[in-house]
Amino acid sequence: MALGDEVLRMERVGKRYPMGDTVVDALVDASFVLSEGEAVAILGPSGSGKSTLMHLLGFLDSPSSGEILFEGRPVAALTERQRARVRAEKIGFVFQAFNLLPRLTVRANVALPLAYLGHPPPDAEARVDRALALVGMSNRAHHKPGELSGGQRQRVAIARALVNEPRILLADEPTGNLDTKTAAAILELFQELNRQGRTIVVVTHSPEIAGHFRRQLHVLDGRVAEKGAAS
Ligand SMILES: Nc1ncnc2c1ncn2[C@@H]1O[C@H](COP(=O)(O)OP(=O)(O)OP(=O)(O)O)[C@@H](O)[C@H]1O
Ligand SMILES: [Mg+2]
């Protein structure tokens, strides 16, 4: 895949939740293209639809209207099984709350997504080593999450998201639980991953953090707009 190739396309995508007698339009007519190698920050106030958008980008949820195309193919045309497969192989997720399993070592946590692949790769151990090295956590491989700082836990969660060598890395407020200095270090890590060619999409409340990304999408009341574009 070459830099600039289309990875994911949203075409007038909407998400509507039923709420008693009424509905919530969490996302309205979202249309944009994500290209290989891009670094995108998603900004917007609480409740504006950022997480809804991220779930749709990662096929964790289906749209109520419109179409999502991954590598040119409509996601809706895939079976549930195929969709899970693409998600496992091509998409890495990082959440605000780390979501590490406390009883497993760092190494075992990072190895977990390899088990979701149809056939665990023969180089599984090497992949875990590479992912841990990328985030600077090789020397903590045998620790448990409870023995790590917040920033170190998030690094482990990022290594876990990278272990399958996904095409896209999606992160929903990955620095929301971290102090300013640690958040800056995690942000620097995302930028390094992008410099190495990975496509990344990061949700943040912070305009300061978003300012470091080449492209910014603003979400307001479920509507997505490019920063700077006339609305
Ligand atoms: N499962 C659901 N059922 C009903 N409404 C929902 C559901 N999930 C989200 N919503 C509504 O959709 C809107 C967008 O929610 P979303 O979680 O995407 O916001 P957000 O931008 O991620 O906010 P935050 O910054 O607080 O994380 C909100 O009004 C929310 O109440
Ligand atoms: Mg959210």
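What comes next is a walk through the structure. (Residues numbered from 1 in each chain as written. Chains lettered and ligands numbered in written order. Predicted model: local features only at pLDDT ≥ 70, side-chain atom pairs only at ≥ 80, totals over all residues. Heavy atoms only, no water.)

What about empty space enclosed by the protein?
At step 1: This structure, assessed with the given rule, holds two cavities of 30 Å³ or more.
At step 2: Of the voids in this model, the largest cavity is the one considered here, and its volume is about 40 Å³.
At step 3: Lining the largest cavity are Pro174, Thr175, Ala183, Leu187, Phe190, Val202, Val203, Thr204 and Ile209.
At step 4: At the level of elements, helix H6 (180–195) and strand S8 (199–203) are the ones that each hand at least two residues to the lining of the largest cavity.
At step 5: The dominant element in the lining of the largest cavity, judged by the number of residues it contributes, is H6, at three residues.
At step 6: Here the lining of the largest cavity is built from residues that sort into seven nonpolar, two polar and no charged.
At step 7: Along the walls of the second largest cavity sit Phe70, Arg73, Pro74, Val75, Leu78 and Val86, which together make up its complete lining.
At step 8: Residues belonging to the lining of the second largest cavity are distributed by class as follows: five nonpolar, no polar and one charged. (1 Å grid on protein atoms, 1.4 Å probe; cavity = no way out; pocket = protein on both sides within 12 Å on 5 of 7 lines; lining within 4 Å. Points joined across faces, edges and corners; volume = space filled by probe spheres on them. Helix = DSSP H or I, 4+ residues; strand = E, 2+ residues; numbered from the N terminus. Nonpolar A, V, L, I, M, F, W, Y, C, P; charged D, E, K, R; others polar.)

Focus: the environment of glycine 151
At step 1: Along the polypeptide, glycine 151 turns up in helix H5 (residues 150–162).
At step 2: Judged by its relative accessible area of 7%, glycine 151 falls in the buried class.
At step 3: Along the chain, glycine 151 and leucine 170 lie 19 residues apart, while their C-alpha atoms are 18 Å from each other.
At step 4: In this structure glycine 151 touches Leu178, Thr182 and Ile186, once residues within four positions along its chain are discounted. (Buried < 20%, exposed > 50% of the residue type's maximum accessible area, 1.4 Å probe, protein only. Contact = heavy atoms within 4.5 Å.)

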